Amino acid sequence: MSAILSEEDLNDFISPGTACIKPIKNKQTQIEKTKDNELEVGKEDVDLEKVSISLQDCLACSGCITSSEELLLSKQSAKVFLDSWMNENSIKNQDRILAVSISPQCRISLSKYFNDITVSEFDKRFLTIMHEKFGATYIVGTQIGREIAIEQMIDKLDKCATPTGALPKLSSVCPGFVLYCEKTNPTLLPHLLNVKSPQQITGSVLKNGLRSNKIYHLSIMPCFDKKLEASREDGENEVDCVITPKEVVNMFADLNIDFNAYPVVLDKDAEVFYKKFNPSMLKVFSDPVRSWCSNEGSSSGGYAYQYILHEFKKYTENNTSDELYSIETVHGKNNDIKEYRLMKNGEIVKCSCELYGFRNIQNMVRKFTLKSPANKINKKLVKLNTRLNRLKGTTTNTATSGVKVDPFKSDFIEVMACPSGCINGGGLIFPEQTDNNAKRRTLYIKELNKRYEEQLKNLPLIVKDDINKHDKHAYYEYTFKSVKDSKDVGDISSDNNNLNANPLDVASKW
(Lines give C-alpha, C1' and ligand atoms only; values in the text may rest on other atoms or scores of the structure.)
Protein backbone atom coordinates (compact mmCIF):
# COMPACT_ATOMS: atom_id res chain seq x y z
CA MET A 1 0.00 0.00 0.00
CA SER A 2 1.17 3.51 -0.77
CA ALA A 3 2.84 5.37 2.07
CA ILE A 4 0.33 8.18 1.66
CA LEU A 5 -2.74 6.00 1.26
CA SER A 6 -4.67 4.95 4.32
CA GLU A 7 -7.37 2.35 4.70
CA GLU A 8 -9.94 5.09 5.35
CA ASP A 9 -9.33 6.58 1.89
CA LEU A 10 -10.68 3.42 0.24
CA ASN A 11 -14.20 4.22 1.36
CA ASP A 12 -16.09 6.54 -0.99
CA PHE A 13 -18.56 7.56 1.72
CA ILE A 14 -17.80 10.62 3.81
CA SER A 15 -19.05 10.02 7.32
CA PRO A 16 -21.05 12.73 9.09
CA GLY A 17 -18.79 14.93 11.15
CA THR A 18 -18.84 15.14 14.91
CA ALA A 19 -19.19 18.90 14.83
CA CYS A 20 -22.82 18.89 13.76
CA ILE A 21 -24.53 21.86 15.39
CA LYS A 22 -27.65 19.78 16.05
CA PRO A 23 -26.52 16.46 17.52
CA ILE A 24 -29.16 13.95 18.50
CA LYS A 25 -29.92 14.44 22.17
CA ASN A 26 -30.53 11.20 23.99
CA LYS A 27 -30.75 10.78 27.72
CA GLN A 28 -27.60 9.26 29.13
CA THR A 29 -27.97 5.68 30.23
CA GLN A 30 -27.43 4.98 33.88
CA ILE A 31 -24.85 2.36 34.81
CA GLU A 32 -25.41 0.56 38.08
CA LYS A 33 -23.61 -2.24 39.90
CA THR A 34 -25.36 -5.39 41.00
CA LYS A 35 -24.68 -7.28 44.18
CA ASP A 36 -22.08 -9.39 42.39
CA ASN A 37 -20.23 -6.21 41.31
CA GLU A 38 -21.41 -6.75 37.73
CA LEU A 39 -22.15 -3.68 35.68
CA GLU A 40 -25.75 -3.32 34.59
CA VAL A 41 -26.67 -0.84 31.86
CA GLY A 42 -29.98 0.90 32.30
CA LYS A 43 -32.62 0.86 29.55
CA GLU A 44 -32.84 3.80 27.19
CA ASP A 45 -35.92 5.93 27.20
CA VAL A 46 -38.21 4.79 24.40
CA ASP A 47 -39.62 8.29 23.87
CA LEU A 48 -36.59 9.98 22.38
CA GLU A 49 -36.58 13.67 21.69
CA LYS A 50 -37.36 14.41 18.07
CA VAL A 51 -34.66 16.46 16.35
CA SER A 52 -35.52 18.69 13.38
CA ILE A 53 -32.66 19.58 11.02
CA SER A 54 -33.45 22.41 8.65
CA LEU A 55 -31.60 23.60 5.57
CA GLN A 56 -30.31 26.61 7.47
CA ASP A 57 -28.88 24.33 10.17
CA CYS A 58 -26.94 22.31 7.63
CA LEU A 59 -25.71 25.32 5.70
CA ALA A 60 -24.45 26.91 8.91
CA CYS A 61 -22.68 23.73 9.96
CA SER A 62 -19.05 22.96 9.27
CA GLY A 63 -19.22 19.37 10.43
CA CYS A 64 -20.31 17.06 7.64
CA ILE A 65 -21.36 16.40 4.09
CA THR A 66 -23.25 13.24 3.15
CA SER A 67 -24.39 11.57 -0.04
CA SER A 68 -28.07 12.05 0.74
CA GLU A 69 -30.01 15.27 1.25
CA GLU A 70 -33.48 13.81 2.01
CA LEU A 71 -33.30 15.33 5.50
CA LEU A 72 -32.93 18.79 4.02
CA LEU A 73 -36.21 19.19 2.15
CA SER A 74 -37.85 21.71 4.46
CA LYS A 75 -37.55 24.42 1.79
CA GLN A 76 -36.99 22.46 -1.41
CA SER A 77 -39.55 19.83 -2.37
CA ALA A 78 -42.55 19.18 -4.60
CA LYS A 79 -44.84 19.71 -1.60
CA VAL A 80 -43.30 23.13 -0.98
CA PHE A 81 -43.81 24.01 -4.64
CA LEU A 82 -47.45 22.90 -4.63
CA ASP A 83 -48.16 24.72 -1.36
CA SER A 84 -46.47 27.95 -2.39
CA TRP A 85 -47.65 28.01 -5.99
CA MET A 86 -50.77 25.93 -6.60
CA ASN A 87 -52.57 26.56 -3.31
CA GLU A 88 -51.63 30.22 -2.87
CA ASN A 89 -51.74 31.16 -6.53
CA SER A 90 -55.52 30.93 -6.80
CA ILE A 91 -56.05 33.29 -3.85
CA LYS A 92 -53.08 35.58 -3.19
CA ASN A 93 -50.77 35.35 -6.18
CA GLN A 94 -52.95 35.59 -9.26
CA ASP A 95 -50.52 38.02 -10.88
CA ARG A 96 -47.44 35.84 -10.29
CA ILE A 97 -45.57 34.25 -13.20
CA LEU A 98 -44.29 30.67 -13.11
CA ALA A 99 -41.01 30.06 -14.96
CA VAL A 100 -39.75 26.47 -15.17
CA SER A 101 -36.25 25.33 -16.14
CA ILE A 102 -35.16 21.73 -16.61
CA SER A 103 -31.68 20.25 -17.09
CA PRO A 104 -30.83 17.92 -20.00
CA GLN A 105 -30.00 15.04 -17.65
CA CYS A 106 -33.53 15.23 -16.20
CA ARG A 107 -35.09 15.17 -19.67
CA ILE A 108 -33.03 12.10 -20.55
CA SER A 109 -33.99 10.29 -17.33
CA LEU A 110 -37.70 11.15 -17.50
CA SER A 111 -38.05 10.31 -21.20
CA LYS A 112 -36.50 6.92 -20.47
CA TYR A 113 -38.81 6.37 -17.51
CA PHE A 114 -42.01 7.29 -19.37
CA ASN A 115 -42.12 4.26 -21.67
CA ASP A 116 -38.78 5.02 -23.30
CA ILE A 117 -40.17 7.82 -25.48
CA THR A 118 -37.89 10.19 -27.38
CA VAL A 119 -36.64 13.32 -25.67
CA SER A 120 -38.48 15.42 -28.24
CA GLU A 121 -41.81 13.73 -27.43
CA PHE A 122 -41.12 14.10 -23.72
CA ASP A 123 -40.52 17.82 -24.18
CA LYS A 124 -43.87 18.25 -25.97
CA ARG A 125 -45.79 16.49 -23.21
CA PHE A 126 -43.83 18.11 -20.38
CA LEU A 127 -44.31 21.66 -21.69
CA THR A 128 -48.02 21.07 -22.25
CA ILE A 129 -48.60 19.61 -18.77
CA MET A 130 -46.59 22.31 -16.98
CA HIS A 131 -48.61 24.98 -18.78
CA GLU A 132 -52.10 23.47 -18.53
CA LYS A 133 -51.86 21.87 -15.08
CA PHE A 134 -49.50 24.26 -13.30
CA GLY A 135 -49.97 27.51 -15.20
CA ALA A 136 -46.36 27.91 -16.33
CA THR A 137 -45.79 30.92 -18.57
CA TYR A 138 -42.13 30.34 -19.45
CA ILE A 139 -40.48 26.92 -19.77
CA VAL A 140 -36.83 26.64 -20.82
CA GLY A 141 -33.90 24.25 -20.82
CA THR A 142 -30.69 25.15 -19.00
CA GLN A 143 -28.41 25.22 -22.04
CA ILE A 144 -28.36 29.04 -22.08
CA GLY A 145 -27.06 29.04 -18.52
CA ARG A 146 -24.53 26.35 -19.38
CA GLU A 147 -23.21 28.33 -22.35
CA ILE A 148 -22.76 31.41 -20.20
CA ALA A 149 -20.95 29.32 -17.58
CA ILE A 150 -18.62 27.89 -20.25
CA GLU A 151 -17.92 31.34 -21.64
CA GLN A 152 -17.17 32.70 -18.18
CA MET A 153 -14.87 29.79 -17.33
CA ILE A 154 -12.91 30.14 -20.55
CA ASP A 155 -12.61 33.89 -20.04
CA LYS A 156 -11.24 33.41 -16.52
CA LEU A 157 -8.86 30.66 -17.62
CA ASP A 158 -7.50 32.92 -20.34
CA LYS A 159 -6.96 35.74 -17.86
CA CYS A 160 -5.25 33.58 -15.24
CA ALA A 161 -2.85 31.66 -17.48
CA THR A 162 -1.13 29.30 -15.08
CA PRO A 163 2.66 28.99 -15.27
CA THR A 164 4.32 25.61 -15.75
CA GLY A 165 4.07 23.49 -12.62
CA ALA A 166 1.25 25.55 -11.09
CA LEU A 167 -1.82 23.92 -9.58
CA PRO A 168 -4.73 23.48 -12.01
CA LYS A 169 -7.94 25.49 -11.77
CA LEU A 170 -11.09 23.66 -10.69
CA SER A 171 -14.68 24.04 -11.83
CA SER A 172 -17.25 25.18 -9.26
CA VAL A 173 -20.53 24.26 -10.97
CA CYS A 174 -21.06 21.14 -8.82
CA PRO A 175 -22.51 22.20 -5.44
CA GLY A 176 -21.56 18.87 -3.86
CA PHE A 177 -17.90 19.50 -4.62
CA VAL A 178 -18.06 23.14 -3.53
CA LEU A 179 -19.65 22.19 -0.21
CA TYR A 180 -16.98 19.52 0.24
CA CYS A 181 -14.28 22.15 -0.30
CA GLU A 182 -15.88 24.59 2.11
CA LYS A 183 -16.43 22.15 4.94
CA THR A 184 -13.56 19.69 4.51
CA ASN A 185 -10.79 21.29 2.45
CA PRO A 186 -11.12 25.11 2.42
CA THR A 187 -7.55 25.36 1.09
CA LEU A 188 -9.00 24.38 -2.30
CA LEU A 189 -11.26 27.44 -2.51
CA PRO A 190 -8.66 29.75 -4.15
CA HIS A 191 -8.29 27.20 -6.96
CA LEU A 192 -12.00 27.19 -7.85
CA LEU A 193 -13.09 29.24 -10.85
CA ASN A 194 -15.53 31.84 -9.61
CA VAL A 195 -18.45 31.03 -11.91
CA LYS A 196 -22.09 30.25 -11.23
CA SER A 197 -23.71 26.98 -12.23
CA PRO A 198 -26.20 26.79 -15.15
CA GLN A 199 -29.05 26.46 -12.64
CA GLN A 200 -28.27 29.77 -10.96
CA ILE A 201 -27.36 31.59 -14.18
CA THR A 202 -30.67 30.52 -15.73
CA GLY A 203 -32.49 31.90 -12.70
CA SER A 204 -30.46 35.10 -12.84
CA VAL A 205 -31.23 35.59 -16.53
CA LEU A 206 -34.95 34.98 -16.05
CA LYS A 207 -35.43 37.10 -12.96
CA ASN A 208 -33.06 39.95 -13.78
CA GLY A 209 -33.95 39.93 -17.47
CA LEU A 210 -37.70 39.96 -17.00
CA ARG A 211 -37.22 42.50 -14.18
CA SER A 212 -40.20 41.29 -12.22
CA ASN A 213 -40.46 40.33 -8.57
CA LYS A 214 -43.51 38.27 -9.51
CA ILE A 215 -41.43 35.52 -11.11
CA TYR A 216 -41.53 32.13 -9.34
CA HIS A 217 -38.68 29.98 -10.69
CA LEU A 218 -39.03 26.21 -10.40
CA SER A 219 -35.88 24.30 -11.38
CA ILE A 220 -35.80 20.55 -12.12
CA MET A 221 -32.32 19.18 -11.45
CA PRO A 222 -30.59 15.77 -11.34
CA CYS A 223 -29.26 15.80 -7.77
CA PHE A 224 -30.23 16.87 -4.26
CA ASP A 225 -27.18 19.09 -3.80
CA LYS A 226 -28.81 21.55 -6.21
CA LYS A 227 -31.39 22.17 -3.50
CA LEU A 228 -28.61 23.30 -1.17
CA GLU A 229 -27.23 25.54 -3.89
CA ALA A 230 -30.57 27.28 -4.41
CA SER A 231 -31.20 27.60 -0.65
CA ARG A 232 -28.12 29.58 0.19
CA GLU A 233 -28.58 33.24 1.02
CA ASP A 234 -26.48 34.34 -1.97
CA GLY A 235 -28.54 32.31 -4.43
CA GLU A 236 -32.05 31.89 -3.11
CA ASN A 237 -33.40 34.86 -5.06
CA GLU A 238 -32.49 33.21 -8.34
CA VAL A 239 -34.28 29.88 -7.83
CA ASP A 240 -37.38 29.56 -5.65
CA CYS A 241 -37.64 25.79 -5.57
CA VAL A 242 -35.65 22.79 -6.85
CA ILE A 243 -37.15 19.35 -7.40
CA THR A 244 -35.74 16.18 -8.96
CA PRO A 245 -37.19 13.78 -11.57
CA LYS A 246 -38.11 11.38 -8.75
CA GLU A 247 -40.24 14.12 -7.20
CA VAL A 248 -41.74 15.06 -10.57
CA VAL A 249 -42.97 11.47 -11.04
CA ASN A 250 -44.43 11.36 -7.53
CA MET A 251 -46.04 14.79 -7.97
CA PHE A 252 -47.72 13.72 -11.21
CA ALA A 253 -48.96 10.53 -9.52
CA ASP A 254 -50.39 12.45 -6.54
CA LEU A 255 -52.25 14.78 -8.92
CA ASN A 256 -53.47 11.85 -11.06
CA ILE A 257 -51.61 13.08 -14.14
CA ASP A 258 -51.06 10.24 -16.60
CA PHE A 259 -48.02 11.51 -18.49
CA ASN A 260 -48.11 9.08 -21.41
CA ALA A 261 -51.89 9.35 -21.88
CA TYR A 262 -52.04 13.14 -21.58
CA PRO A 263 -53.61 14.64 -24.74
CA VAL A 264 -50.88 16.39 -26.74
CA VAL A 265 -50.71 17.28 -30.43
CA LEU A 266 -47.63 15.19 -31.21
CA ASP A 267 -47.63 15.77 -34.96
CA LYS A 268 -46.33 19.30 -34.43
CA ASP A 269 -42.58 19.88 -34.34
CA ALA A 270 -41.05 20.38 -30.90
CA GLU A 271 -39.92 23.79 -32.10
CA VAL A 272 -43.55 24.97 -31.98
CA PHE A 273 -43.74 24.08 -28.28
CA TYR A 274 -40.35 25.62 -27.50
CA LYS A 275 -41.37 28.88 -29.16
CA LYS A 276 -44.72 29.06 -27.34
CA PHE A 277 -43.14 29.09 -23.87
CA ASN A 278 -39.87 30.85 -24.68
CA PRO A 279 -39.15 34.28 -23.08
CA SER A 280 -38.21 35.70 -26.47
CA MET A 281 -38.23 39.27 -25.17
CA LEU A 282 -34.81 38.49 -23.65
CA LYS A 283 -31.85 38.75 -26.01
CA VAL A 284 -30.25 35.52 -24.85
CA PHE A 285 -33.51 33.65 -25.56
CA SER A 286 -33.98 35.08 -29.07
CA ASP A 287 -33.60 31.54 -30.43
CA PRO A 288 -36.47 29.40 -29.02
CA VAL A 289 -34.64 26.10 -29.64
CA ARG A 290 -31.27 27.03 -28.24
CA SER A 291 -31.98 26.37 -24.57
CA TRP A 292 -33.12 22.83 -25.43
CA CYS A 293 -29.92 21.88 -27.27
CA SER A 294 -26.65 20.63 -25.85
CA ASN A 295 -23.03 21.49 -26.56
CA GLU A 296 -20.30 19.00 -27.33
CA GLY A 297 -18.47 17.40 -24.44
CA SER A 298 -19.54 15.33 -21.45
CA SER A 299 -23.16 14.95 -20.32
CA SER A 300 -22.18 16.92 -17.20
CA GLY A 301 -21.64 20.11 -19.18
CA GLY A 302 -18.59 19.54 -21.35
CA TYR A 303 -16.58 22.26 -19.62
CA ALA A 304 -13.21 20.50 -19.96
CA TYR A 305 -13.72 19.71 -23.65
CA GLN A 306 -15.04 23.20 -24.46
CA TYR A 307 -11.91 24.76 -22.95
CA ILE A 308 -9.60 22.69 -25.17
CA LEU A 309 -11.85 23.35 -28.17
CA HIS A 310 -11.53 27.07 -27.48
CA GLU A 311 -7.75 26.78 -27.27
CA PHE A 312 -7.68 24.77 -30.51
CA LYS A 313 -9.57 27.53 -32.33
CA LYS A 314 -7.34 30.20 -30.83
CA TYR A 315 -4.14 28.46 -31.96
CA THR A 316 -5.38 27.51 -35.44
CA GLU A 317 -7.37 30.63 -36.34
CA ASN A 318 -4.43 32.55 -37.80
CA ASN A 319 -1.97 29.71 -38.14
CA THR A 320 -0.08 29.99 -41.43
CA SER A 321 2.86 27.78 -40.48
CA ASP A 322 3.34 24.06 -40.97
CA GLU A 323 2.46 23.37 -37.33
CA LEU A 324 -0.19 20.69 -36.99
CA TYR A 325 -2.69 21.03 -34.16
CA SER A 326 -5.11 18.36 -32.99
CA ILE A 327 -7.27 17.43 -29.99
CA GLU A 328 -6.49 14.11 -28.35
CA THR A 329 -8.75 12.31 -25.86
CA VAL A 330 -6.99 10.09 -23.32
CA HIS A 331 -8.73 7.88 -20.74
CA GLY A 332 -7.31 7.62 -17.23
CA LYS A 333 -6.97 4.87 -14.68
CA ASN A 334 -10.75 4.50 -14.41
CA ASN A 335 -13.88 5.50 -16.33
CA ASP A 336 -14.27 8.70 -14.31
CA ILE A 337 -11.02 10.30 -15.47
CA LYS A 338 -10.58 11.61 -18.99
CA GLU A 339 -8.09 14.11 -20.43
CA TYR A 340 -8.43 16.37 -23.45
CA ARG A 341 -5.13 17.52 -24.91
CA LEU A 342 -4.29 20.15 -27.46
CA MET A 343 -1.38 18.69 -29.41
CA LYS A 344 1.11 20.57 -31.61
CA ASN A 345 3.33 18.35 -33.73
CA GLY A 346 2.91 15.58 -31.17
CA GLU A 347 3.62 17.77 -28.11
CA ILE A 348 1.09 18.77 -25.44
CA VAL A 349 0.27 22.49 -25.53
CA LYS A 350 -2.81 22.64 -23.29
CA CYS A 351 -4.59 20.03 -21.22
CA SER A 352 -7.92 19.77 -19.37
CA CYS A 353 -9.50 16.91 -17.48
CA GLU A 354 -12.82 15.44 -16.39
CA LEU A 355 -12.66 14.01 -12.85
CA TYR A 356 -15.79 12.52 -11.31
CA GLY A 357 -16.63 10.81 -8.01
CA PHE A 358 -15.35 11.35 -4.48
CA ARG A 359 -12.84 8.53 -4.72
CA ASN A 360 -11.02 10.44 -7.47
CA ILE A 361 -11.66 13.76 -5.72
CA GLN A 362 -9.95 12.51 -2.55
CA ASN A 363 -6.94 11.41 -4.57
CA MET A 364 -6.85 14.83 -6.23
CA VAL A 365 -7.13 16.60 -2.87
CA ARG A 366 -4.26 14.52 -1.52
CA LYS A 367 -2.06 15.68 -4.38
CA PHE A 368 -3.07 19.30 -3.81
CA THR A 369 -2.15 18.92 -0.15
CA LEU A 370 1.18 17.25 -0.92
CA LYS A 371 2.03 20.02 -3.37
CA SER A 372 1.73 22.62 -0.62
CA PRO A 373 5.24 24.00 0.15
CA ALA A 374 4.30 24.42 3.79
CA ASN A 375 3.73 20.72 4.27
CA LYS A 376 7.25 19.35 4.93
CA ILE A 377 6.01 16.01 6.22
CA ASN A 378 3.98 15.41 3.10
CA LYS A 379 7.02 16.32 0.97
CA LYS A 380 8.90 13.47 2.58
CA LEU A 381 5.95 11.16 1.92
CA VAL A 382 5.98 12.16 -1.73
CA LYS A 383 9.66 11.24 -2.04
CA LEU A 384 9.07 7.96 -0.23
CA ASN A 385 6.08 7.15 -2.43
CA THR A 386 8.11 7.94 -5.57
CA ARG A 387 10.90 5.58 -4.47
CA LEU A 388 8.38 2.80 -3.81
CA ASN A 389 6.84 3.27 -7.24
CA ARG A 390 10.25 3.18 -8.89
CA LEU A 391 11.00 -0.11 -7.19
CA LYS A 392 7.73 -1.46 -8.60
CA GLY A 393 8.60 -0.06 -12.03
CA THR A 394 5.49 2.15 -12.25
CA THR A 395 5.56 5.87 -11.55
CA THR A 396 2.27 6.91 -13.14
CA ASN A 397 -0.93 5.43 -14.39
CA THR A 398 -1.21 5.10 -18.14
CA ALA A 399 -4.15 5.16 -20.51
CA THR A 400 -5.04 2.37 -22.85
CA SER A 401 -3.10 4.12 -25.60
CA GLY A 402 0.09 4.04 -23.52
CA VAL A 403 0.06 7.82 -22.91
CA LYS A 404 0.60 8.87 -19.31
CA VAL A 405 -2.42 10.45 -17.67
CA ASP A 406 -2.11 12.87 -14.76
CA PRO A 407 -5.05 15.25 -14.15
CA PHE A 408 -2.91 17.08 -11.62
CA LYS A 409 -0.72 18.41 -14.43
CA SER A 410 -3.61 19.78 -16.48
CA ASP A 411 -4.61 23.44 -16.74
CA PHE A 412 -8.24 22.92 -15.75
CA ILE A 413 -10.23 20.12 -14.09
CA GLU A 414 -13.98 19.67 -14.50
CA VAL A 415 -14.92 18.19 -11.11
CA MET A 416 -18.23 16.47 -10.34
CA ALA A 417 -19.08 14.78 -7.03
CA CYS A 418 -21.12 11.94 -8.54
CA PRO A 419 -19.33 8.99 -10.17
CA SER A 420 -20.05 9.17 -13.93
CA GLY A 421 -21.02 12.82 -13.46
CA CYS A 422 -24.45 14.46 -13.52
CA ILE A 423 -26.00 11.67 -15.61
CA ASN A 424 -25.74 9.58 -12.42
CA GLY A 425 -27.31 12.19 -10.13
CA GLY A 426 -29.10 10.97 -7.01
CA GLY A 427 -32.39 12.56 -8.05
CA LEU A 428 -32.59 10.74 -11.39
CA ILE A 429 -34.68 7.62 -11.90
CA PHE A 430 -32.92 4.27 -12.15
CA PRO A 431 -34.43 0.77 -12.37
CA GLU A 432 -34.54 -1.12 -9.09
CA GLN A 433 -32.24 -3.84 -10.43
CA THR A 434 -29.43 -1.28 -10.73
CA ASP A 435 -29.52 -0.25 -7.05
CA ASN A 436 -27.19 -2.93 -5.74
CA ASN A 437 -25.62 -4.05 -8.98
CA ALA A 438 -22.68 -1.91 -10.09
CA LYS A 439 -22.38 -3.59 -13.48
CA ARG A 440 -26.05 -3.03 -14.36
CA ARG A 441 -25.80 0.54 -13.11
CA THR A 442 -22.79 1.17 -15.35
CA LEU A 443 -24.56 -0.30 -18.37
CA TYR A 444 -27.65 1.80 -17.70
CA ILE A 445 -25.55 4.98 -17.42
CA LYS A 446 -23.89 4.13 -20.74
CA GLU A 447 -27.35 3.84 -22.25
CA LEU A 448 -28.32 7.27 -20.87
CA ASN A 449 -25.11 8.80 -22.22
CA LYS A 450 -25.79 7.28 -25.63
CA ARG A 451 -29.29 8.76 -25.52
CA TYR A 452 -27.78 12.12 -24.59
CA GLU A 453 -25.40 12.01 -27.56
CA GLU A 454 -27.99 10.93 -30.09
CA GLN A 455 -31.10 12.87 -29.06
CA LEU A 456 -29.83 16.10 -27.52
CA LYS A 457 -26.79 17.11 -29.53
CA ASN A 458 -28.62 16.49 -32.79
CA LEU A 459 -31.55 18.78 -32.04
CA PRO A 460 -32.10 21.33 -34.83
CA LEU A 461 -30.47 24.70 -34.32
CA ILE A 462 -31.91 27.98 -35.51
CA VAL A 463 -28.89 30.10 -36.35
CA LYS A 464 -28.40 33.59 -37.72
CA ASP A 465 -27.80 34.17 -41.41
CA ASP A 466 -24.17 35.13 -40.86
CA ILE A 467 -23.36 31.87 -39.06
CA ASN A 468 -22.57 28.61 -40.81
CA LYS A 469 -25.57 26.33 -40.13
CA HIS A 470 -23.39 23.23 -40.09
CA ASP A 471 -20.75 24.57 -37.71
CA LYS A 472 -21.97 23.96 -34.16
CA HIS A 473 -18.74 25.34 -32.72
CA ALA A 474 -19.21 28.66 -34.53
CA TYR A 475 -22.81 28.73 -33.31
CA TYR A 476 -21.79 28.46 -29.69
CA GLU A 477 -18.98 30.92 -30.16
CA TYR A 478 -21.51 33.39 -31.51
CA THR A 479 -23.71 32.69 -28.53
CA PHE A 480 -20.92 33.51 -26.12
CA LYS A 481 -20.21 36.83 -27.81
CA SER A 482 -23.85 37.87 -27.84
CA VAL A 483 -24.32 36.86 -24.21
CA LYS A 484 -21.21 38.74 -23.14
CA ASP A 485 -22.62 41.99 -24.52
CA SER A 486 -26.14 41.40 -23.23
CA LYS A 487 -27.59 43.37 -20.33
CA ASP A 488 -30.11 40.64 -19.55
CA VAL A 489 -27.65 38.77 -17.36
CA GLY A 490 -27.24 39.83 -13.76
CA ASP A 491 -24.22 39.25 -11.54
CA ILE A 492 -22.79 36.11 -13.16
CA SER A 493 -19.58 35.99 -11.19
CA SER A 494 -17.53 37.78 -8.60
CA ASP A 495 -13.83 38.52 -8.51
CA ASN A 496 -13.75 38.72 -4.74
CA ASN A 497 -10.60 36.96 -3.52
CA ASN A 498 -10.93 37.79 0.14
CA LEU A 499 -10.51 34.46 1.89
CA ASN A 500 -11.97 35.90 5.08
CA ALA A 501 -15.29 36.48 3.37
CA ASN A 502 -18.06 33.93 2.87
CA PRO A 503 -16.25 30.87 1.41
CA LEU A 504 -18.78 30.63 -1.39
CA ASP A 505 -18.07 34.21 -2.43
CA VAL A 506 -14.54 33.00 -3.08
CA ALA A 507 -15.62 29.76 -4.71
CA SER A 508 -18.60 30.69 -6.83
CA LYS A 509 -21.02 33.59 -6.75
CA TRP A 510 -24.05 31.33 -6.86
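Located above this text is the structure these notes cover.
All values reported here derive from a predicted model rather than from experimental measurement. (Residues numbered from 1 in each chain as written. Predicted model: local features only at pLDDT ≥ 70, side-chain atom pairs only at ≥ 80, totals over all residues. Heavy atoms only, no water.)

(A) How the structure looks around the environment of C241. Looking at the element boundaries, C241 is found in strand β7 (residues 241–243). On the basis of relative accessible area, C241 is assigned to the buried category, the value being 0%. Along the chain, C241 and L218 lie 23 residues apart, while their C-alpha atoms are 5.0 Å from each other. Not counting the four nearest positions on each side in its chain, C241 is found in contact with Q76, S77, F81, Y216, H217, L218 and S219. (Helix = DSSP H or I, 4+ residues; strand = E, 2+ residues; numbered from the N terminus. Buried < 20%, exposed > 50% of the residue type's maximum accessible area, 1.4 Å probe, protein only. Contact = heavy atoms within 4.5 Å.)

(B) Region of interest: the side chain of S197. Mapping S197 onto the fold places it in the loop between α6 (175–183) and α7 (198–210). At a separation of 3.5 Å, a polar atom in the side chain of S197 contacts the side chain of K226. In this structure the side chain of S197 is engaged in a polar contact, spanning 2.4 Å, whose partner is the side chain of E229. (Polar contact = N/O pair within 3.5 Å; in protein donor to acceptor, adjacent residues only side chain to side chain.)

(C) Local environment of the packing of helix α5 (residues 143–159) against helix α11 (residues 303–316). It is at 10 Å that the axes of α5 and α11 come closest, and there the two elements cross at 60 degrees. Considered as vectors, α5 and α11 are oriented oblique to each other. For the element pair α5 and α11, the recorded crossing hand is right-handed. Here R146, A149, I150, M153, I154, L157 and D158 of α5 lie close against α11, whose contacting residues are Y303, Q306, Y307, H310, E311 and K314. When grouped by side-chain class, the residues that make up the contact of α5 with α11 number seven nonpolar, two polar and four charged. (Axes fitted to C-alpha atoms, helices over the stretch in contact; angles between N-to-C directions. Parallel < 35°, antiparallel > 145°, perpendicular 65-115°, else oblique. Left-handed = near helix turned anticlockwise from the far one by under 90°. Nonpolar A, V, L, I, M, F, W, Y, C, P; charged D, E, K, R; others polar.)

(D) Quick look at the pattern of salt bridges. With the rule as written, the count across this model stands at 16 salt bridges. Its salt-bridge partner being D116, residue K112 comes within 3.6 Å of it at the nearest N-O pair. Using a relative accessible area of 16% as the deciding quantity, one classes K112 as buried. On the basis of relative accessible area, D116 is assigned to the partly exposed category, the value being 41%. For the salt bridge of E121 with R125, the shortest nitrogen-to-oxygen distance reads 3.4 Å. Pair noted here: E121 and R125 are both in helix α4 (residues 119–132), with a separation of four residues, about one helical turn. In the salt-bridge network here, residues are joined through shared partners; they are K112, D116, E447 and R451. (Salt bridge = Lys/Arg side-chain N within 4 Å of Asp/Glu carboxyl O.)

(E) Region of the structure containing the packing of aromatic side chains. Enumeration according to the criterion identifies 16 aromatic pairs in this entry. With a centroid separation of 5.9 Å and 40 degrees between ring planes, the pair formed by F81 and F134 is classed as tilted. On the criterion of sequence distance, the pair formed by F81 in helix α2 (residues 78–89) and F134 in the loop between α4 and β4 (136–141) is long-range, its members being 53 residues apart. Ring centres 5.2 Å apart and planes at 65 degrees place the aromatic pair Y180 and F358 in the edge-to-face group. Taken together, the positions of Y180 in helix α6 and F358 in helix α12 (residues 358–371) put the pair 178 residues apart, joining distant regions of the chain. (Phe/Tyr/Trp six-rings, centres within 6.5 Å; stacked < 30°, edge-to-face > 60°.)

(F) Just the sheet that holds β4, in detail. Across the sheet, which stays open at both edges, the four strands sit in the order β4-β3-β6-β7 with parallel pairing between neighbours. Sheet topology places β4 and β7 at the edges, where each strand pairs with a single neighbour. Direction aside, the axes of adjacent strands within the sheet are offset by 20 degrees on average. In the sheet, strand β3 (residues 97–102) pairs with β4 via five bridges, with the strands oriented parallel. Within the sheet, the bridge partner assigned to S101 lies in β4 and is V140. (Pairing = 2+ DSSP bridges.)

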